[in-house]
Amino acid sequence: MIGNMKALTIVACLILLLTACTPGQNSGESGDKVKITWWDTMTSDASVAAINKIISEYEETHPNITIERTYVSYSDIKTKLLLGSIGNQGPDIVWIDSADHQTFAAAGVLADLTKEIEKWGQAKHYIEGPWSSTVYNGRNYGVPVGSNNLALYYNTDLFKTAGLQPPTNWDELQAAAKKLTDKDVFGFAVSAVKTEEGTFQFLPFVLQAGSDIPDFDSPGTLKALTMLTDMVNEGLMSKDVITQKQSDTATQFAAGKVAMMVNGTWQIPFLQKSAKVNWDVVKLPSDVQSATVLGGENWAISEASKHKDIAFDVIQFANEPERLKELLKTNGRLPSRSDLLQDSFWQEDRQMKVFADSMQVAKARAYGPNYASISEAIQTMLQEALTGAKTPEAAVKSAGAIIASLLQEQQEE
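This section reports on the structure supplied with the text. Quantities reported herein were computed from a predicted structural model and do not represent experimental measurements.

**Overview of the overall build of the protein**
Item 1. A count of helices and strands for the protein gives 19 helices and ten strands.
Item 2. Expected size for 413 residues packed as a compact globule is a radius of gyration near 22 Å; at 22 Å, the protein falls within 12% of this value.
Item 3. Along the first, second and third principal axes, the C-alpha atoms of the protein reach 70 × 45 × 30 Å.
Item 4. The burial tally for the protein puts 56% of its 413 residues in the buried class.
Item 5. Nonlocal contacts in the protein, meaning residues at least 24 apart in sequence, comprise 77% of its contacts between residues at least 6 apart.
Item 6. Accessible area for the protein stands at about 17400 Å²; split by element, carbon and sulfur atoms hold 51% of it.
Item 7. Each charge class in the protein was averaged separately, 36 positive and 50 negative side chains, and the resulting centres sit 3 Å apart.

**Re the packing of helix α18 (residues 371–387) against helix α19 (residues 392–412)**
Item 1. At their nearest, the axes of α18 and α19 sit 9 Å apart, and the two run at 175 degrees to each other. Of the possible angle classes, the one that applies to α18 and α19 is roughly antiparallel. Between α18 and α19, the residues in contact are Y371, S373, I374, A377, I378, M381, E384 and A385 and P392, A395, V396, A399, I402, I403, L406, L407 and Q410, respectively.
Item 2. Of the residues contributing to the contact of α18 with α19, the split by class is 14 nonpolar, two polar and one charged.

**Focus on unusual backbone geometry**
Item 1. Although it is not a glycine, N137 adopts a positive phi angle of roughly 50 degrees.
Item 2. Along the chain, N137 falls in the loop between β4 (135–136) and β5 (139–140).

**A word on the environment of I242**
Item 1. Residue placement: I242 occurs in the loop between α10 (219–233) and α11 (246–254).
Item 2. Note on I242: relative accessible area 17%, which makes it buried.
Item 3. Each C-alpha atom, one on I242 and one on T387, is 8.1 Å from the other, the two residues being 145 residues apart in sequence.
Item 4. Ignoring anything within four residues of it in the chain, the contact list for I242 reads A192, V193, K194, Q383, L386 and T387.

**Here's the deal with the pattern of salt bridges**
Item 1. In total, this model carries 18 salt bridges according to the counting rule given.
Item 2. With its nearest N and O atoms 2.7 Å apart, the salt bridge here joins R69 to D40. Taken together, the residues R69 in strand β2 (residues 65–71) and D40 in strand β1 (residues 34–40) connect sequence positions 29 residues apart.
Item 3. Exposure remark for R69: the relative accessible area of 22% places this residue in the partly exposed category.
Item 4. Note that K223 is salt-bridged to D287, the shortest N-O span being 2.9 Å. A residue pair is termed long-range when its members are at least 10 positions apart, and K223 in helix α10 and D287 in the loop between β8 (279–282) and β9 (292–301) qualify at 64 residues.
Item 5. The class of K223 is partly exposed, set by a relative accessible area of 42%.
Item 6. On the basis of relative accessibility, which here comes to 23%, the residue D287 falls in the partly exposed class.
Item 7. Taken together, the salt bridges that share partners define one network made up of K53, E57, E320 and R323.

**Focus: the environment of L173**
Item 1. Within the fold, L173 resides in helix α8 (residues 170–180).
Item 2. Exposure remark for L173: the relative accessible area of 1% places this residue in the buried category.
Item 3. Excluding residues that lie within four positions of it along the chain, L173 makes contacts with P167, F188, M227, M260 and P285.

**Digging into the layout of surface pockets**
Item 1. By volume, the largest pocket amounts to about 1200 Å³.
Item 2. Lining the largest pocket are 42 residues, and of these Y74, N148, W266, E297 and R333 sit closest to its centre.
Item 3. A breakdown of the residues in the lining of the largest pocket according to their chemical character gives 14 nonpolar, 18 polar and ten charged.

**Focus on the packing of helix α9 (residues 196–208) against α10**
Item 1. Running from N to C, α9 and α10 cross one another at 125 degrees; their axes reach a closest spacing of 8 Å. The orientation of α9 with respect to α10, classified from their angle, is oblique. When the axes of α9 and α10 are compared, the crossing they make is right-handed. Of α10, the residues touching α9 (which contributes F202, F205 and V206) are T221, A224, L225, M227 and L228.

**Some remarks on the pairing of strand β3 (residues 93–97)**
Item 1. With five of five residues buried, β3 is to be regarded as a mostly interior element.
Item 2. Burial along β3 is two-sided: the residues I93, W95 and D97 and V94 and I96 are all buried.
Item 3. With two bridges joining them, β1 and β3 adopt parallel strand pairing. In the strand pairing of β3, W39 is matched with V94.

**A look at the nonpolar core**
Item 1. Counting 58 residues, the largest nonpolar core has W38, V143, Y153 and W299 as the members making the most contacts within it.
Item 2. What W38 contacts, discounting residues up to four positions off in sequence, is I51, I55, I67, E68, R69, T70, I93, W95, W299 and V314.
Item 3. Formed by 55 residues, the second largest nonpolar core is a distinct cluster that contains M227, L236, A291 and L406.

**Observations regarding α8**
Item 1. Listing the buried residues of α8 in full gives W170, L173, A176, A177 and L180. One side of α8 carries all its buried residues, which in axial view fall inside an arc of 125 degrees. Of the exposed residues in α8, the ones pointing more than 90 degrees away from its buried face are D171, K178 and K179.
Item 2. Elements in contact with the buried residues of α8: α7 (156–162), α9, α10 and β7 (260–264).
Item 3. At the N-terminal boundary of α8, the capping side chain belongs to N169, with an oxygen 3.1 Å from the backbone nitrogen of D171.

Calculation rules
- Residues numbered from 1 in each chain as written.
- Predicted model: local features only at pLDDT ≥ 70, side-chain atom pairs only at ≥ 80, totals over all residues.
- Heavy atoms only, no water.
- Helix = DSSP H or I, 4+ residues; strand = E, 2+ residues; numbered from the N terminus.
- Rg over C-alpha atoms; globule rule 2.2 N^0.38 Å.
- Buried < 20%, exposed > 50% of the residue type's maximum accessible area, 1.4 Å probe, protein only.
- Contact = heavy atoms within 4.5 Å.
- Areas by Shrake-Rupley, 256 points an atom, 1.4 Å probe, with all protein chains shown as cover.
- Lys, Arg positive; Asp, Glu negative; His and termini not counted.
- Charge placed at Lys NZ, Arg CZ, Asp CG, Glu CD.
- Axes fitted to C-alpha atoms, helices over the stretch in contact; angles between N-to-C directions.
- Parallel < 35°, antiparallel > 145°, perpendicular 65-115°, else oblique.
- Nonpolar A, V, L, I, M, F, W, Y, C, P; charged D, E, K, R; others polar.
- Salt bridge = Lys/Arg side-chain N within 4 Å of Asp/Glu carboxyl O.
- 1 Å grid on protein atoms, 1.4 Å probe; cavity = no way out; pocket = protein on both sides within 12 Å on 5 of 7 lines; lining within 4 Å.
- Points joined across faces, edges and corners; volume = space filled by probe spheres on them.
- Left-handed = near helix turned anticlockwise from the far one by under 90°.
- Pairing = 2+ DSSP bridges.
- Core = buried A, V, L, I, M, F, W, Y, C linked by side-chain atoms within 4.5 Å.
- Arc of directions from axis to C-beta.
- Polar contact = N/O pair within 3.5 Å; in protein donor to acceptor, adjacent residues only side chain to side chain.

That's the geometry; what it means functionally is another story.
Have a look at this one:
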């Protein structure tokens with residue numbers, strides 16, 4: 001993520017640099033050898049094999065086209081994409097975190113694919129949440145690859161011993177956390193680390209309480225932050241949640257040190273392999289409404305690409321339902337397409353179905369090009385409240401003022 005205003009200023013400068021560039025649109029004369037560059041962040045053997053299979057199948061049916069796939073780490077891909085755009089050297093195809101998509105679209109780094117997508121005619125199959133992350137100012141700049149969201153994992157043995165059922169609302173969540181906490185076990189855990197992970201894990205509570213980023217300084221946000229702060233102060237959550245990543249939380253849960261945690265689809269394979277406890281998963285407890293937050297990646301094409309037509313043809317090819325299904329099965333992602341979401345792979349696995357069903361109430365972090373700075377304000381707020389540096393009231397008010405200013409700035413641009 002771009003974490004501060006200085007970085008956003010650099011992005012703004014990139015717009016001017018990109019304006020001066022006029023990349024070619026054509027793929028060359030028929031029969032010319034064309035190389036398409038592809039960047040993604042996948043590392044697992046199964047995911048890489050699935051990607052390479054897609055590439056190989058495309059190359060077999062398009063012998064004049066070679067696709068060069070490059071792995072770029074999640075921490076580096078945003079910087080490399082920005083730097084590449086300066087010299088008009090961006091990749092043809094790139095996978096972008098859905099939370100970053102609007103920022104890059106606003107910066108002019110991504111190609112406008114509105115006409116191509118209209119001609120493709122597949123937008124109607126995509127769920128509103130993930131699709132919204134690819135849209136900026138009414139124009140479309142990509143296609144979702146796959147999604148994930150957050151749910152509640154719980155230690156079934158501890159619940160059985162305590163005579164508890166999984167919580168369905170906040171009152172039950174707090175009561176269960178209190179009953180399950182002892183000297184060796186914390187009743188509940190979220191990641192409140194000062195990165196996007198902290199924002200990602202806090203936003204579901206804001207949404208469940210009936211608030212959202214556009215009205216951040218509101219009773220719902222305060223209610224959510226106060227609940228988490230009280231749970232830390234009462235010893236129901238570890239004070240270390242401010243430094244624990246989602247993977248750290250999962251490790252604590254797998255070791256039996258946490259009775260309940262908020263986490264995502266990608267933890268299922270880890271827990272199946274490594275958990276020393278019995279566990280299950282249910283949808284997040286609700287307050288005034290049910291809600292969760294989307295993660296995942298989107299396909300995009302660099303504005304610097306000289307072969308946009310071919311690049312989009314590759315994306316269409318990769319998104320043919322059966323081909324896309326095989327890819328998503330390898331990387332712990334949920335389909336962003338409603339038709340694929342009904343496939344038995346996601347519906348017959350009881351735990352995966354929890355996440356699949358939550359897709360209908362999952363909201364994308366699509367809040368405009370200033371989202372990185374908005375997220376930073378939320379992260380700071382969490383750190384201030386959970387450490388006691390500020391009261392929840394003061395922390396929410398401070399973050400709300402920053403966020404309101406950032407949203408106003410976007411409207412004026």
